[in-house]
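# Analysis of the macromolecular model
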Amino acid sequence: MIHDSQNKTITTNRLVLRLFQEKDAPAVTELCNNYNIYKNTLHLPYPYSLQDALSWITHHLDNFNADKSYEFAITKKDSGDLLGAVALSNNEKFINGELAYWVGEPFWGNGYATEAAQAMLDFAFKEKKYHKVFARYFDSNPASGKVLEKLGMKKEGVLVDHVRKENQYKDLVYCGVINLDS
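This report concerns the structure included in the present document. (Residues numbered from 1 in each chain as written. Predicted model: local features only at pLDDT ≥ 70, side-chain atom pairs only at ≥ 80, totals over all residues. Heavy atoms only, no water.)

## Focus on the nonpolar core
Quick reminder of the rule: Put simply, a nonpolar core is a bunch of buried Ala, Val, Leu, Ile, Met, Phe, Trp, Tyr and Cys residues held in one set by side-chain atoms that sit within 4.5 Å of each other. Residue exposure (1.4 Å probe, protein chains only): buried if accessible area is under 20% of the type maximum, exposed if over 50%, otherwise partly exposed. Numbering of helices and strands runs from the N terminus; a helix is a DSSP stretch of H or I covering at least four residues, while a strand is a stretch of E covering at least two.
Grouped together as the largest cluster of nonpolar side chains are 35 residues, with contacts concentrated most on L17, V86, L99, M120, V133, L148 and M153. Mapped onto this core, the elements with two or more residues apiece are β3 (15–19), β4 (69–76), β5 (82–89), β6 (96–103), α5 (112–127), β7 (132–138), α6 (142–150) and β9 (168–178). Per-element accounting of this core gives the leading share, ten residues, to α5. In this structure, F20, V28, L44 and A85 belong to the second largest nonpolar core, which totals 14 residues.

## A short note on α6
This is how the line gets drawn: Each C-beta atom gives one direction from the helix axis, and the arc is the one those directions make. Residues count as neighbours in contact if any of their non-hydrogen atoms are within 4.5 Å of one another.
What α6 keeps buried is the set S144, G145, V147 and L148. All buried residues of α6 lie within an arc of 155° about the axis, which places them on one face of the element. α6 presents P142, A143, K146, E149 and K150 as exposed residues on the side facing more than 90 degrees away from its buried surface. Where α6 is buried, its residues meet β6, α5, β7 and β9. Taken from the residues just after α6, G152 is the one with a positive phi, measuring 90°.

Encoded structure:
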């Protein structure tokens, strides 16, 4: 992982994580206007419009500059194609943050979520000096749990019927990992 703080990018073997730009909105809309993405995410609306993408992207730079959160586009290093998003919140009081991600369905099964999430975890521990990073996923989305397991996260608990989505209560699985160097 190479973190370029001046350009606000993180580079991995196959990916460049960078801030979203307004010009990404059509691609974000195309990827997010997908029921299979919607059903596995907490806050994504469906159907997903261009206006949803634009309003979501609007505050990313301000949040990054304020050290509130870091939301990056996951792009292919060789082509620049947008694959998804990875984000890390910053809870300065507790020196921890939440990791979140989504990858467009055409790109599932290629390890992009794991590679991007690992880069953000490294960023959290090496650059931001977090003590802990946690994540949560719907129990109905075991693929997300596998990504977190590959990062070394341990299941910490299940919040039963914690959120309501599509007129159903969903369990949220919480996972976390401690920075042993903190």
